[in-house]
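Architecture at a glance
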Amino acid sequence: MPQNCPKCGRPASSQLPFIEGFCQDCFFDKHPLIKLRHAPQATMCPRCDAYRVSGRWVQRGDTSIDEYLFNMVCDLLDPLFAPKMPATYEVHILHEQEQPATRLKQLRVKVIADAEQFTFQQEDIITVPVTSILCEQCKRTSGGYFEAILQIRASTGKLSSYQEEAVLSFIDERLTASAQSQPPLKITPTRGGIDIKFLSSRLCRSLAKALAAKFGLLVGVSSKVTGRTRTGKTQSRENFVVRFPPFQVGDVIAHEDQLYQITGIHNGRYALIDIESNQRRVFSPKELVGIDWELLNDRIHEFMIISVARDSFQLMSQHDYTIYDLPHPPFPIAVGNTLSAVKWNDRLCILPPDET
Ligand SMILES: [Zn+2]
Ligand SMILES: [Zn+2]
């Protein structure tokens with residue numbers, strides 16, 4: 001009894017062999033020979049045309065561009081085919097319009113598949129998008145290339161050597177801790193501080209943020225167009241300026257008839273304590289720069305505690321031996337200890353003891 005295809009009803013013949021109960025046309029319709037495991041994606045270096053395949057870069061060398069692109073497409077597509085029946089593939093790159101390889105946004109590829117055990121052929125056109133990423137070799141050899149620059153500056157004048165060392169050792173620690181291996185940073189001393197060039201603007205951005213949070217810095221970002229990628233996208237270079245603000249932890253400042261001391265930096269924000277009311281406030285460096293304040297550090301003097309009563313105590317200036325009577329502060333005190341205080345607007349304001 002002749003076998004009929006349950007899908008199209010045609011009988012089996014030498015021209016129409018059956019596979020798994022169906023005629024080959026219906027079988028290959030259900031299990032196409034040209035089916036990719038996932039969408040293809042080509043990665044090419046915008047400088048040297050090297051392409052990346054399974055994590056390594058293939059340099060073009062002397063190969064002609066046509067042959068080279070053909071190799072790339074084969075390397076990309078080969079592992080993506082997973083036919084149910086063994087097949088061979090032929091690929092042809094379609095040049096719709098002549099264009100230099102460096103302008104490639106995508107490749108259109110005609111694929112012809114032949115089933116190995118049957119006389120059956122399928123044809124399809126696959127589009128392979130192309131992205132530009134600088135290859136390892138170009139990254140290493142092109143000292144001049146960088147995506148971002150981090151400029152570390154003082155608020156005025158030059159970065160102090162303490163600030164410079166603190167920042168550099170912080171960056172070093174962060175990079176050592178990160179799992180990725182990094183090429184050595186290009187650090188250049190400049191008039192106002194230091195400049196560091198980065199191959200990755202993402203890394204530069206994350207370091208600028210981390211530095212700002214750690215040291216309470218002001219961050220400025222600007223970007224400059226430097227060219228175009230092979231895909232026609234504008235390429236830009238980012239500029240991060242992190243600046244030490246004109247105040248630091250320990251400073252005493254006056255603002256709107258209140259006296260504050262900067263007690264610390266938490267997540268990039270400055271913690272301040274109102275010296276007289278003991279209330280705490282938090283300012284971002286930008287907010288603090290924006291308000292009107294006066295630095296009173298040079299009015300801080302040392303005083304010795306000469307007597308302590310229940311509600312009051314006496315202090316003597318170490319500077320001119322004047323004696324002051326004051327209400328008991330909100331922290332423990334003992335005769336013979338010294339305290340720092342600021343004489344300001346005809347009153348003496350006691351600084352809270354160090355919070356260390
Ligand atoms: Zn059929
Ligand atoms: Zn390259």
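The coordinates are above.
Read on for a plain summary of the structure.

Calculation rules
Residues numbered from 1 in each chain as written. Chains lettered and ligands numbered in written order. Predicted model: local features only at pLDDT ≥ 70, side-chain atom pairs only at ≥ 80, totals over all residues. Heavy atoms only, no water. Phe/Tyr/Trp six-rings, centres within 6.5 Å; stacked < 30°, edge-to-face > 60°. Helix = DSSP H or I, 4+ residues; strand = E, 2+ residues; numbered from the N terminus. Buried < 20%, exposed > 50% of the residue type's maximum accessible area, 1.4 Å probe, protein only. Pairing = 2+ DSSP bridges. Donors = N, O, S within 2.8 Å, 3.2 Å for Na, K, Ca; no water. Tetrahedral: all angles 85-135°; square planar, octahedral: opposite > 155°, others 65-115°. Axes fitted to C-alpha atoms, helices over the stretch in contact; angles between N-to-C directions. Parallel < 35°, antiparallel > 145°, perpendicular 65-115°, else oblique. Left-handed = near helix turned anticlockwise from the far one by under 90°. Contact = heavy atoms within 4.5 Å. Nonpolar A, V, L, I, M, F, W, Y, C, P; charged D, E, K, R; others polar. Expected span 1.5 Å × (residues − 1). Arc of directions from axis to C-beta. Core = buried A, V, L, I, M, F, W, Y, C linked by side-chain atoms within 4.5 Å.

**Things to note about the packing of aromatic side chains**
Inspection of every chain in the model, using the stated rule, returns 10 aromatic pairs. Judged by centre distance (5.2 Å) and plane angle (55 degrees), the rings of Tyr51 and Tyr68 are tilted. Residue Tyr51 is found in strand S4 (residues 51–53), and its partner Tyr68 is found in helix H2 (residues 65–77); the two are separated by 17 residues along the sequence. When sorted by exposure, Tyr51 lands in the same class as Tyr68, which is buried. Arranged with centres 5.0 Å apart and planes meeting at 85 degrees, the rings of Phe247 and Tyr270 form a pair that is edge-to-face. With Phe247 in the loop between strand S13 (234–243) and strand S14 (252–255) and Tyr270 in strand S16 (residues 269–274), this pair connects stretches of sequence that are 23 residues apart. A network of ring pairs unites the aromatic residues Phe27, Phe28, Phe118 and Phe120 as a single cluster.

**A closer look at the pairing of strand S22 (residues 338–344)**
Looking along a regular strand, one sees the side chains alternate between the two faces of the sheet. Here five bridges tie strand S19 (residues 300–308) to S22, and the two strands are oriented antiparallel to one another. Residue His301 lies in a different strand from S22, and its bridge partner there is Ala341. As judged from the four bridges shared by S22 and strand S23 (residues 347–350), these two strands associate in the antiparallel manner. Counterpart to Ala341 in the pairing with S23 is Ile350. The turn joining S22 and S23, which pair antiparallel and follow one another in sequence, is formed by two residues; a positive phi near 50 degrees is taken by Asn345.

**Section: the coordination of the zinc ion (ligand 1)**
Every protein donor of the zinc ion (ligand 1) is accounted for by Cys5 (SG), Cys8 (SG), Cys23 (SG) and Cys26 (SG), and the metal-donor separations fall at 2.2 to 2.4 Å. Coordination at the zinc ion (ligand 1) is tetrahedral: its four donor atoms span angles of 104 to 114 degrees at the metal. Each donor residue of the zinc ion (ligand 1) lies on one chain, and together they are spaced C-x2-C-x14-C-x2-C. Placement of the pair is Cys8 in the segment before strand S1 (18–19) and Cys26 in helix H1 (residues 24–30), with a sequence separation of 18 residues.

**Topic: the packing of helix H4 (residues 161–177) against helix H5 (residues 201–215)**
Relative placement of two packed helices is described by the angle separating their axes and the distance separating the axes. The interhelical angle for the contact between H4 and H5, taken along N-to-C directions, is 125 degrees, at an axis separation of 11 Å. The angle between H4 and H5 places the two elements in the oblique class. Read as a crossing pair, H4 and H5 show a hand that is right-handed. Contact with H4, carried on its side by Ala166, Val167, Phe170, Ile171, Arg174 and Leu175, involves Leu203, Ser206, Leu207, Ala210, Leu211, Lys214 and Phe215 of H5 and no other residues of that element. Of the residues belonging to the contact of H4 with H5, the class tally is 10 nonpolar, one polar and two charged.

**Looking at the sheet that holds strand S20 (residues 312–317)**
The strand order S21-S20-S19-S22-S23 describes an open sheet built from five strands, whose pairing is antiparallel. One side of each edge strand has no neighbouring strand; the edge strands of this open sheet are strand S21 (323–327) and S23. Adjacent strand axes in the sheet meet at a mean angle of 45 degrees, parallel and antiparallel pairs treated alike.

**Describing H2**
Its 13 residues give H2 an end-to-end C-alpha distance of 18 Å, which sits within 8% of 18 Å, the value for a rise of 1.5 Å per residue. Tyr68, Leu69, Met72, Val73, Leu76 and Leu77 are the residues of H2 that are buried. All buried residues of H2 fall inside an arc of 155 degrees around its axis, so they share one side. In this structure, the buried side of H2 is in contact with strand S3 (42–44), S4, strand S5 (56–58), strand S6 (87–94), strand S7 (106–115) and strand S8 (121–132).

**Quick notes on the sheet that holds S14**
The sheet built from five strands is open, its strands ordered S17-S16-S15-S14-S18 with antiparallel pairing. The outermost strands of the open sheet, each flanked by one partner alone, are strand S17 (280–283) and strand S18 (294–295). With four bridges connecting them, S14 and strand S15 (residues 258–266) associate as antiparallel partners. Looking at S15, one finds that His255 is bridged to Gln258.

**Examining the nonpolar core**
By size, the foremost hydrophobic cluster in this structure holds 39 residues, and its most contacted members are Phe28, Met44, Met72, Leu77, Leu107, Val109 and Val111. At the level of elements, H1, S3, S4, S5, H2, S6, S7 and S8 are the ones that each hand at least two residues to this core. The residues contacting Val109, other than those within four sequence positions of it, are Val73, Leu77, Val91, His92, Asp124, Ile125, Ile126 and Val128. Counting 25 residues, the second largest nonpolar core, distinct from the first, contains Ala166, Ile196, Leu207 and Ala208.

**What to know about unusual backbone geometry**
Phi is positive for Glu20, which is not a glycine, with a value near 50 degrees. Of note, Glu20 is situated in the loop between S1 and strand S2 (22–23). On the basis of relative accessibility, which here comes to 51%, the residue Glu20 falls in the exposed class. A positive phi angle, near 65 degrees, is found at Asp346, a position not held by glycine. Structurally, Asp346 can be placed in the loop between S22 and S23.

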